[in-house]
Structure formats: C-alpha cells, structure tokens
Amino acid sequence: MVIFELNASSYIGLVKAGSGLLKPTEDKGAIFSIDTPELEAWWDRLKDMEGINIKNGLRTGADGMIESFSVYDPEGYIVEFFRWKEHRPEAQRYGK
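The written sequence of each chain sets the order in which its residues are numbered from 1. Local features in this predicted model are restricted to residues whose pLDDT is 70 or higher, and side-chain atom pairs enter the listing and the counts only when it is 80 or higher, whereas totals over whole chains, interfaces and linings include all residues. Think of the side-chain values as coming from all heavy atoms in the structure, minus any hydrogens and water.

A. A look at the pattern of salt bridges. What counts as a salt bridge is simple: a side-chain nitrogen of Lys or Arg found within 4 Å of a carboxyl oxygen of Asp or Glu. All chains considered together, the criterion is met by three salt bridges. Of the charged contacts, one joins Glu-40 and Arg-83 as a salt bridge, the two residues approaching to 2.8 Å between their closest N and O atoms. In this pair, Glu-40 sits in helix α1 (residues 39-46) while Arg-83 sits in strand β6 (residues 78-84), placing the two residues 43 residues apart along the sequence. With a shortest N-O distance of 3.8 Å, Asp-44 and Lys-47 are connected by a salt bridge. The rule is simple: take the accessible area with a 1.4 Å probe, protein chains only, and divide by the maximum for that residue type; under 20% is buried, over 50% is exposed, in between is partly exposed. Overall, the relative accessible area of 48% leaves Asp-44 in the partly exposed class. Here the salt bridges do not stand alone but share partners, grouping Glu-40, Glu-67 and Arg-83 into one network. A run of H or I in DSSP becomes a helix once it reaches four residues, and a run of E becomes a strand once it reaches two; helices and strands are each numbered from the N terminus.

B. Spatial organisation of the nonpolar core. Think of a nonpolar core as a cluster: buried Ala, Val, Leu, Ile, Met, Phe, Trp, Tyr and Cys residues, connected wherever their side-chain atoms sit within 4.5 Å. Among the nonpolar cores identified, the biggest contains seven residues, and these are Leu-39, Trp-43, Leu-46, Phe-69, Val-71, Val-79 and Phe-81. Only α1, β5 (66-72) and β6 provide two or more residues apiece to this core. When near neighbours in sequence (up to four residues on either side) are disregarded, Leu-39 contacts Leu-58, Glu-67, Ser-68, Phe-69, Phe-81, Phe-82 and Arg-83. The contact definition used throughout considers only heavy atoms, calling two residues in contact when any of these lie within 4.5 Å.

C. Representation of the packing of aromatic side chains. Pairing of aromatic side chains requires ring centres within 6.5 Å, counting the rings of Phe and Tyr and the six-membered ring of Trp. Pairs whose planes differ by under 30 degrees are stacked, by over 60 edge-to-face, and all others tilted. Per the stated rule, a full pass over the model turns up four aromatic pairs. Aromatic side chains Trp-43 and Phe-69 sit 5.0 Å apart centroid to centroid with 65° between the ring planes, which places their arrangement in the edge-to-face category. With Trp-43 in helix α1 and Phe-69 in strand β5, the pair connects residues that are 26 residues apart, well separated along the chain. Neither residue differs from the other here; Trp-43 and Phe-69 are each classed as buried. Plain terms: the ring middles of Phe-69 and Phe-81 are 4.9 Å apart, the flat faces sit at 5° to each other, and that makes the pair stacked. Placement of Phe-69 in strand β5 and of Phe-81 in strand β6 is noted, with a sequence separation of 12 residues between them. When its relative accessible area of 6% is taken as the criterion, Phe-81 is described as buried. The structure contains a cluster of three or more aromatic residues connected by ring pairs, namely Trp-42, Trp-43, Phe-69 and Phe-81.

D. Structural context of the sheet that holds β5. Here we have four strands laid out as an open sheet, ordered β3-β6-β5-β4, and mixed in their pairing. The sheet terminates laterally at β3 (31-35) and β4 (53-61), the two strands that pair on one side only. Within this sheet the neighbouring strands show an average axis-to-axis angle of 20°, counted without direction. For two strands to be treated as a pair, DSSP must find no fewer than two bridges joining them. As paired elements, β4 and β5 share six bridges and run antiparallel to each other. Opposite Ile-54, over in β5, you have Val-71 as the bridge partner. For helices, the fitted axis covers only the stretch in contact; all axes are lines through C-alpha atoms, and the angles between them, taken along N-to-C directions, range from 0 to 180 degrees.

The quantities given are spatial measurements derived from coordinates; they are silent on function.
What follows is the structure, given as structure tokens:
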C-alpha cells in the first residue's frame, strides 16, 4: 500500500491488485474512507440501521495499521469508516 498526503487532512491510497479491501474491477473500483476517532460509535449507529448494507464488521486492516468497518452506499460503492492504530510504527509514515 502507498498513501499520498494531499493536504493536512486528506490522503489518497493505492493498493496492489489482489490485496486490500477492493479487487480489480471495471465497475465500482473506488472506495470512500472516513477517518474517525469515534469508530465504535459509528458502528453502533449504523450496524442495525434499516437500509444499511454492511460489507465488513469491525476488523483490523491495511497491514495492521487501521481498525475499520465498511458499508455499501446506495449505488454500491464501498464506504469505509476507520481509525489509525497509532501504536503501529508504520502509521507514523502517514502523519498518524
């Protein structure tokens, strides 16, 4: 994974084909990620909400650098809610 800082609060991440949350595809090949310190609060709010289609429950991802969960938006795109695991030295490369 490679993450580029766009500005003080925005990043774009690129992953190798075959690894990460997305697989190569011609349709819906993008993910919207929201960095939040309130990860569990968002999970508690969304997990049982009618109309929310869960992709993944709470888990560790990005080679152990984040904790996250993912849902599908109404058009089928993935929306990821995540929090950096600050004790991971790798996260320091991305300012976290």
